[in-house]
Amino acid sequence: MATYSAMLPAEFGNALKPLLTSIFERQSGEIEHMFVQDLGASPDKIFAKFKQEAIAGASIAQVFVAETHEGQKVAVKVQYFDIAKRFKMDKGTVLTLLKVLDWFTPGIPFINVMPHIFSSLEKELDFVTEGKNSQTCKEELKHLDFLHVPKVHWDLSSYRILTMDFADGINLVDADKVKACGFNSKELMTKIIRIFSEQIFGTGHIHSDPHPWQPDGQKERFLGRDGDCSYRSRSLRTPAS
């Protein structure tokens, strides 16, 4: 709902927008503990610089800004430490509620689709898979000069931590800022449609969680952020024209 807030009345849309980037409080020492567990050292040692204050929320994680020892500015996506545990608890709760719902909606097998949904959600907990998906898209769509997919730093990433080149951009939900930067909305939408058409009808490797993408304010290109993808069989697609 927050992603499509522009389609709602202004008062509802404005209330939902913060959910896209909300930063929730973390326990003291949580970040350092996760880095030591996953990468063998604290972020202050792994990076030349690491800002302890998150710049944005990212669904099941937060994004931090850092600088590698080689001087590269990077975005570091770090999961909430207990998100996997919470997922298991929520999974049990949902299954219980669906069993109750079955009593009231006989003939509508809601519970039958849940294994597929849970399987997809579990993959979102794996940042290695997310990183691989993003780099697959980067390679397959490299001919689109208006799309930029940041490089993944694999030596600084793990199952729960994903480090990529940092790239500035403008959130497409912020229509006023997009307009103020001189972008043409029709042209932006045409490019987005081209990106997804290439995936749906061409590569078959499809971005399945399209949060508002960001046009780069300087280079007028899109910044692809997430690596949540699905695959469409070759028999079901044809090259995009």
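Residues numbered from 1 in each chain as written. Predicted model: local features only at pLDDT ≥ 70, side-chain atom pairs only at ≥ 80, totals over all residues. Heavy atoms only, no water.

Novice: Hey, could you run me through the nonpolar core in this one?
Specialist: Side chains of nonpolar character tend, in soluble globular proteins, to be buried together. Counting 15 residues, the largest nonpolar core has F35, F47, F50, F64, V76 and V78 as its most contacted members. At the level of secondary structure, the elements contributing two or more residues to this core comprise helix 2 (30-39), strand 3 (61-67) and strand 4 (73-79). Here V78 is in contact with R26, I31, M34, F35, A61, Q62, F64, F127, R160 and I161, once residues within four sequence places are set aside. Core analysis: the second largest hydrophobic core is formed by 13 residues, A61, L125, F127 and M164 among them. (Core = buried A, V, L, I, M, F, W, Y, C linked by side-chain atoms within 4.5 Å. Buried < 20%, exposed > 50% of the residue type's maximum accessible area, 1.4 Å probe, protein only. Helix = DSSP H or I, 4+ residues; strand = E, 2+ residues; numbered from the N terminus. Contact = heavy atoms within 4.5 Å.)

Novice: I keep staring at a nonpolar patch on the surface and nothing clicks. Help me out?
Specialist: On the surface, V100, L101, W103, F104, I108 and F110 cluster together into a nonpolar patch covering about 670 Å² of accessible area. Residue contributions to the nonpolar patch peak at four residues, all from helix 4 (residues 83-104). Along the polypeptide, F110 turns up in helix 5 (residues 110-124). Taking the relative accessible area as the measure of exposure, F110 reaches 34% and is therefore partly exposed. (Patch = residues over 30% accessible without salt bridge, like charges linked within 9 Å, V, L, I, M, F, W, Y side chains within 5 Å. Areas by Shrake-Rupley, 256 points an atom, 1.4 Å probe, with all protein chains shown as cover. Salt bridge = Lys/Arg side-chain N within 4 Å of Asp/Glu carboxyl O.)

Novice: How should the pairing of strand 4 be read in this particular structure?
Specialist: Residues in a regular strand project their side chains so that they alternate between the two faces of the sheet. Burial within strand 4 is extensive, with six of its seven residues counted as buried. Bridging between strand 3 and strand 4 involves seven bridges; their strand directions are antiparallel. The residue of strand 4 that forms the bridge with F64 is V76. Alignment of strand 4 against strand 6 (residues 161-165), held across five bridges, turns out to be antiparallel. Looking at strand 6, one finds that V74 is bridged to D165. (Pairing = 2+ DSSP bridges.)

Novice: In this structure, what is going on with the pattern of salt bridges? I would like to understand it.
Specialist: As a working rule, side chains carrying opposite charge can pair if their charged atoms are close by. Scanning the entire structure with this criterion turns up seven salt bridges. D82 is paired through a salt bridge with R86; the nearest N and O atoms lie 2.9 Å apart. According to the relative accessible area criterion, D82 is buried, its value standing at 17%. Two residues, E122 and K91, come together in a salt bridge whose shortest N-O distance is 3.6 Å. Within this pair, whereas E122 is found in helix 5, its partner K91 is found in helix 4, the two being separated by 31 residues in sequence. For K91, a relative accessible area of 27% corresponds to the partly exposed category.

Novice: For this particular structure, what's the right way to read the packing of aromatic side chains?
Specialist: Aromatic ring pairs are reported here in terms of the distance separating the ring centres and the angle at which the planes meet. With the rule as written, the count across this model stands at four aromatic pairs. Their ring planes at 80° and their centres at 6.1 Å tell us that F35 and F47 sit as a pair that is edge-to-face. Here F35 is found in helix 2, whereas its partner F47 is found in the loop between helix 3 (43-46) and strand 1 (49-50), with 12 residues between them in sequence. Here the two residues F35 and F47 agree in accessibility, since each one is buried. Centroid distance F35 to F50: 5.7 Å. Interplanar angle 75°. Geometry classified as edge-to-face. Of this pair, F35 sits in helix 2 while F50 sits in strand 1; the two residues are 15 residues apart in sequence, bridging distant segments of the chain. Per residue, the accessibility class of F35 equals that of F50, and both read buried. Members of the aromatic cluster, each reached through a chain of ring pairs, are F35, F47, F50 and F64. Seen from the ring of F166, K73 lies directly overhead, with NZ or CZ sitting 4.3 Å from the centre. (Phe/Tyr/Trp six-rings, centres within 6.5 Å; stacked < 30°, edge-to-face > 60°. Lys NZ or Arg CZ within 6 Å of the ring centre and 35° of its normal.)

Novice: Where do I start with the confidence of the model for the protein chain in this structure?
Specialist: Close reading of the predicted structure is inappropriate where its pLDDT is low. In this model, the protein chain carries a mean pLDDT of 80, and residues with pLDDT of at least 70 account for 77%. Confidence drops under pLDDT 50 across residues 213-223; counting only partners more than four residues distant or on other chains, this segment forms 51 contacts. Considering only residues more than four positions removed or in separate chains, one finds that residues 231-237, a stretch of pLDDT under 50, has 13 contacts. (pLDDT = per-residue confidence, 0-100.)

Novice: When you look at the side chain of E30 in this model, what are you seeing that I'm missing?
Specialist: Looking at the secondary structure, you find E30 in helix 2. In terms of polar contacts, E30 uses its side chain to reach the backbone amide nitrogen of F81, at 3.0 Å. When sequence neighbours within four positions are dropped, the list of residues in contact with E30 reads Q79, Y80 and F81. (Polar contact = N/O pair within 3.5 Å; in protein donor to acceptor, adjacent residues only side chain to side chain.)

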